[in-house]
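Take a look at the letters that make up each chain.
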Amino acid sequence: MNSTEVWISDDGTLRESAIKLVKAYSNILGPLQLEKVVFFRVVGCKQPWKGKTWRLTPPYNYVPFAASQVLADVTLPNDFEISFVIAISDSKHDLTKQSDVLYTLLHELYHIKPDMLGLKDHDIKEHYWMLKEFGLDKELANAIVDVVNGK
Ligand SMILES: [Zn+2]
């Protein structure tokens, strides 16, 4: 993280897209529990990554609870549990091409193991199905756009 980098909590756009992608590709992604995943957009990041997924394990899971210490009026349900964080770097995408961001989002979702207990390694073999499905040109990954736009 550096001084020009800003993290913005997803306004619901990424989550809505993720819900549709998980539904459309459930045979590959598995039954991911997206209520345990939080999404961020990163603006001004100078690092090369387009998207990143982190797994949170205790005690990091208690960070949301601790937030209620400083935001006194925020109460969180007892079963509230964040297990994963997905961040999408806006500056590494062509934001005029919806498929570019969605391709990264799908890639990151695929990093989460279906049992929600870990991450799959990042390698070309694990993600080969995406290459086969959409080809090398992410801007032509129209099938992803159709899934999210409800075609
Ligand atoms: Zn990856």
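An account of the accompanying structure is given in this report. (Residues numbered from 1 in each chain as written. Predicted model: local features only at pLDDT ≥ 70, side-chain atom pairs only at ≥ 80, totals over all residues.)

1. Notes on the sheet that holds strand S1 (residues 6–9)
What the four strands build is an open sheet, ordered S1-S2-S4-S3; its pairing is mixed. Each of the sheet's edge strands pairs with one partner strand only, and the pair in question is S1 and strand S3 (51–55). Sheet twist, expressed as the mean angle between neighbouring strand axes with direction ignored, is 25°. Sheet topology note: the strand S2 (residues 37–43)/strand S4 (residues 84–89) ladder contains six bridges and is parallel. Counted as the bridge partner of Phe39 is Ile86 from S4. Running over the sheet, helix H4 (residues 98–111) touches S3 and S4 and is turned about 25° from S3. (Pairing = 2+ DSSP bridges. Helix = DSSP H or I, 4+ residues; strand = E, 2+ residues; numbered from the N terminus. Axes fitted to C-alpha atoms, helices over the stretch in contact; angles between N-to-C directions. Contact = placed C-beta atoms within 7 Å.)

2. Overview of the packing of helix H1 (residues 13–24) against H4
Axis separation between H1 and H4 bottoms out at 10 Å; the angle between their running directions is 65°. In this structure, H1 crosses over H4, and the sense of that crossing is right-handed. Here H1 contributes Leu14, Ser17, Ala18, Leu21 and Val22 to the contact with H4, which in turn contributes Leu102, Leu105, Leu106 and Leu109. Residue classes in the contact of H1 with H4 are distributed as eight nonpolar, one polar and no charged. (Left-handed = near helix turned anticlockwise from the far one by under 90°. Nonpolar A, V, L, I, M, F, W, Y, C, P; charged D, E, K, R; others polar.)

3. A word on the environment of Asp137
Residue position: Asp137 is located in the loop between helix H5 (128–134) and helix H6 (142–149). Distance from Asp137 to Ser99, taken between C-alpha atoms, is 9.9 Å for residues 38 residues apart in sequence.

4. A short note on the environment of Trp49
Secondary-structure assignment places Trp49 in the loop between S2 and S3. Along the primary structure Trp49 and Ile88 are separated by 39 residues, whereas in three dimensions their C-alpha atoms are 8.6 Å apart.

5. Regarding the nonpolar core
Formed by 25 residues in total, the largest nonpolar core has its most connected members in Ala18, Leu21, Ile88, Leu102, Leu105, Leu106 and Leu109. Residue assignment for this core shows that the elements contributing at least two residues are H1, S2, S4, H4 and H6. Those residues within four positions of Ala18 in sequence are excluded, and the remaining contacts are Leu34, Phe39, Leu105 and Leu109. (Core = buried A, V, L, I, M, F, W, Y, C linked by C-beta atoms within 7 Å. Buried ≥ 20, exposed ≤ 12 C-beta atoms within 10 Å, placed from the backbone.)

6. Some points on H1
In this model H1 runs 17 Å from its N-terminal to its C-terminal C-alpha over twelve residues, within 8% of the 16 Å that 1.5 Å per residue would give. Taken together, the buried positions of H1 are Leu14, Ser17, Ala18, Leu21 and Val22. Along the axis of H1, the buried residues cluster in a sector spanning 135°; they form a single face. Those residues of H1 that are buried lie in contact with helix H2 (26–29), S2, S4, H4 and H6. (Expected span 1.5 Å × (residues − 1). Arc of directions from axis to C-beta.)

7. Description of H4
Between its first and last C-alpha atoms H4 spans 20 Å; for 14 residues at 1.5 Å apiece the expected length is 20 Å, and the two agree. Summarising burial for H4: eleven of the 14 residues are buried, a large majority. Taken together, the buried positions of H4 are occupied by Ser99, Val101, Leu102, Tyr103, Thr104, Leu105, Leu106, Glu108, Leu109, Tyr110 and His111. Where H4 is buried, its residues contact H1, H2, S3, S4, H5 and H6.

8. Re unusual backbone geometry
Positive phi is not limited to glycine here, since Met116 has a value of about 60°. Of note, Met116 is situated in the loop between H4 and H5.

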